[in-house]
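Here's the letter readout for the chains.
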Amino acid sequence: MPVSEVKTIIIGSGISGLSSAHFLAKKTDDFLLLEAKNKLGGILQTVKEDNFICENGPNTLLLNNEAIIELVKDCGLWEDVIYPSKLTSQNRYVLNHNEITNIPLDIKSFIKSPLISAKAKFRMLAEPFFKKHNKDVTVLNFITKRFGREFHDKLIEPFLTGVYAGDTNKMSAKYTLKLLWELEQNYGSVLIGLIKRKNKKIKSFNLPNGINELISKVSKNIENNILLNCPVLKIEKNKNHYKVITNKQIFVCEKIISAVPAYALERFVWDEQLVKVLQNVVYNPIDVFHYGLSKKHIHNLKKGFGILTKPSDNKNFLGILFSSQIFSHVSPHDTELYTVLVGGERQKELCFKESRELNKIIFNELKDLINYKGEILYSNHYRWTNGIPQYNLDQGMIIKEINKFESNNQNFHITGNFFDGISVSDCVKKAKIKANLIYNN
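The structure contained in this document is the topic of the report that follows. Computed from a prediction, not measured in an experiment: that's the story for all the values here. (Residues numbered from 1 in each chain as written. Predicted model: local features only at pLDDT ≥ 70, side-chain atom pairs only at ≥ 80, totals over all residues. Heavy atoms only, no water.)

Turning next to the state of the cysteines. All told, the structure shown has zero disulfides when counted by the stated rule. Of all cysteine sulfurs, the one in Cys-253 lies closest to Cys-230, which takes part in no disulfide; the gap is 12 Å. You can call Cys-230 buried: its relative accessible area is 1%. (Disulfide = S-S within 2.5 Å. Buried < 20%, exposed > 50% of the residue type's maximum accessible area, 1.4 Å probe, protein only.)

Approximately 910 Å³ is the volume attributed to the second largest pocket. Taken together, 42 residues line the second largest pocket, and the ones lying closest to its centre are Lys-37, Gly-42, Val-260, Pro-261 and Tyr-263. Of all the elements in the fold, those that place two or more residues in the lining of the second largest pocket are helix H1 (15-25), strand S11 (232-238), helix H12 (262-268), strand S19 (376-389) and helix H17 (424-440). Counting residues per element, the lining of the second largest pocket draws most heavily on S19, which supplies seven residues. (1 Å grid on protein atoms, 1.4 Å probe; cavity = no way out; pocket = protein on both sides within 12 Å on 5 of 7 lines; lining within 4 Å. Points joined across faces, edges and corners; volume = space filled by probe spheres on them. Helix = DSSP H or I, 4+ residues; strand = E, 2+ residues; numbered from the N terminus.)

Before going further, it helps to spend a moment on the packing of aromatic side chains. Taken as a whole and assessed by the stated rule, the structure comprises 17 aromatic pairs. A centroid spacing of 5.2 Å and a plane angle of 40 degrees characterise the contact between Phe-147 and Phe-151, whose relative ring orientation is tilted. Accessibility assignment for this pair places Phe-147 and Phe-151 in one class, buried. Here Phe-405 and Phe-412 contribute two aromatic rings whose centre-to-centre distance is 5.1 Å and whose plane-to-plane angle is 85 degrees, an arrangement assigned as edge-to-face. The exposure class assigned to Phe-405 is buried, which follows from its relative accessible area of 3%. The buried category is assigned to Phe-412, whose relative accessible area is 0%. Following the ring pairs from residue to residue traces out a cluster consisting of Tyr-242, Trp-270, Phe-405 and Phe-412. Seen from the ring of Trp-78, Lys-73 lies directly overhead, with NZ or CZ sitting 4.9 Å from the centre. (Phe/Tyr/Trp six-rings, centres within 6.5 Å; stacked < 30°, edge-to-face > 60°. Lys NZ or Arg CZ within 6 Å of the ring centre and 35° of its normal.)

Take the pairing of strand S4 (residues 46-49) next. As paired strands, S4 and strand S5 (residues 52-55) are joined by four bridges and run antiparallel to one another. Note on S5: the bridge partner recorded for Glu-49 is Phe-52. Connecting S4 to the antiparallel partner S5 that follows it, the hairpin turn spans two residues, and Asp-50 within it adopts a positive phi of roughly 50 degrees. (Pairing = 2+ DSSP bridges.)

Moving on, we come to helix H2 (residues 66-74). What sets the pattern is the α-helix's 3.6 residues per turn: residues three or four places apart point alike. Within H2, the full set of buried residues consists of Ala-67, Ile-68, Ile-69, Leu-71 and Val-72. At its buried positions, H2 is contacted by H1, strand S6 (61-63), strand S9 (203-205), helix H11 (212-221) and H17. Two to three positions downstream of the cap, the backbone nitrogen of Ala-67 sits 3.0 Å from a side-chain oxygen, assigning the N-cap of H2 to Asn-65. Just downstream of H2, Gly-76 is the residue with a positive phi angle, here 70 degrees. (Contact = heavy atoms within 4.5 Å. Polar contact = N/O pair within 3.5 Å; in protein donor to acceptor, adjacent residues only side chain to side chain.)

For the rest of this paragraph, the subject is the packing of helix H6 (residues 139-147) against helix H9 (residues 178-187). What describes two packed helices is the angle between their axes and the distance between those same axes. At their nearest, the axes of H6 and H9 sit 12 Å apart, and the two run at 50 degrees to each other. The angle between H6 and H9 falls in the class oblique. Helix-helix and strand crossings are classified by hand; for H6 and H9 the assignment is left-handed. On the side of H6, the interface is formed by Phe-142, Ile-143 and Arg-146, while H9 contributes Leu-180, Trp-181 and Glu-184. Taken together, the residues that form the contact of H6 with H9 break down as four nonpolar, no polar and two charged. (Axes fitted to C-alpha atoms, helices over the stretch in contact; angles between N-to-C directions. Parallel < 35°, antiparallel > 145°, perpendicular 65-115°, else oblique. Left-handed = near helix turned anticlockwise from the far one by under 90°. Nonpolar A, V, L, I, M, F, W, Y, C, P; charged D, E, K, R; others polar.)

What follows concerns the packing of H1 against H2. Look at H1 against H2: their axes get within 11 Å of each other, and the N-to-C directions meet at 70 degrees. In terms of orientation, H1 lies roughly perpendicular with respect to H2. Contact residues: H1 offers Ile-15, Ser-19, His-22 and Phe-23, while H2 offers Ala-67, Glu-70, Leu-71 and Asp-74. Split by residue class, the contact of H1 with H2 holds four nonpolar, two polar and two charged.

Using the criterion set out here, one finds one cavity of 30 Å³ or more in the structure. Of the volumes computed, that of the largest cavity is approximately 90 Å³. For the largest cavity, the lining is made up of 15 residues, of which Glu-55, Asn-59, Asn-206, Ser-323 and Val-330 are closest to its centre. Secondary structure elements with two or more residues in the lining of the largest cavity: S5, helix H14 (323-326) and strand S18 (335-343).

None of this, on its own, says anything about what the molecule does.
In structure tokens:
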């Protein structure tokens, strides 16, 4: 098997790997990005068919740090950024007795909201009198202690279901509710912290041809440094060098950035303790359905971002995004595009159903909610067997072991969405940090 030498190897071409390569390319050309599959992008996958633009992965990206802003500008996409319609930020919904009901987003609407009982609203006023936690607890425990069980069940649980598709009785408050945890730790109270905190408005965005347009632009700038269909089989450490063994050839390098999921990294890394930790990372399955429907046949058309559900709603979906309400360019003007998320920790078994059977179940529930009387104009289905990584109570231990591994193995860096930030913008931020560390060392 041929052997090649290169300064740095980046493994994985999701947003973490591509961003690492992008920021490293601004300083050096002596690197190679290896991708096991024949296409780039990881979970960022856009489908364009019949004038519909569907996202199989994240539907929006956040402009919440300098790294993501820099990446978008470097790719020449800053002027093309499309922001959500104003109505989507004002109208977000949950189900309440099977009725689509607004989530209260300010004090006035919260007081009037039928979602939370008067007793539960008064209970929340006691939040500043509870002592702060001295160790990490589950989201369920954290929210119930500070705000009451009803607030958790009717608002927090549906919201986190939409982000993580997880179980709040397992999820870490410290790492899942990072802002609320920090407010409690810094001010002794979440409510007092929110009052004192300067409110920063965070914008989300999409692109004219979908999120995958960012992947295309990033990869085009480094196309000579990318090798597709090249899975890593094993990595060996030899003093200050690493031997990366692939199906095609062996690469000898000084530096590595691993930007693959935990379940991929544990297959080829040599450290048994790290492997053991990586095997604890849970990925919940997710099925994504898209439906293009005729607007004139929707008799309960809600303007807004979408609907979230809670276990007591007894629905077969986690949430529905009103995709064309958020970004009007994703469907023809006389249609609406809905994105329905299914499965997660709550209903894993649904992600093992035959596609046609599950599609029928999900569409019937959507049809009833929006009172749709027409035919499906367009549909798309994608199944993520390993969908969203969970930040459970062992998240702190996972981060500790990753840091320990990096300390013991100079110039081997690990990044990705399974620790220390799950969003795309989090991944871009971490990628820039890793690229700078690689170059400066």
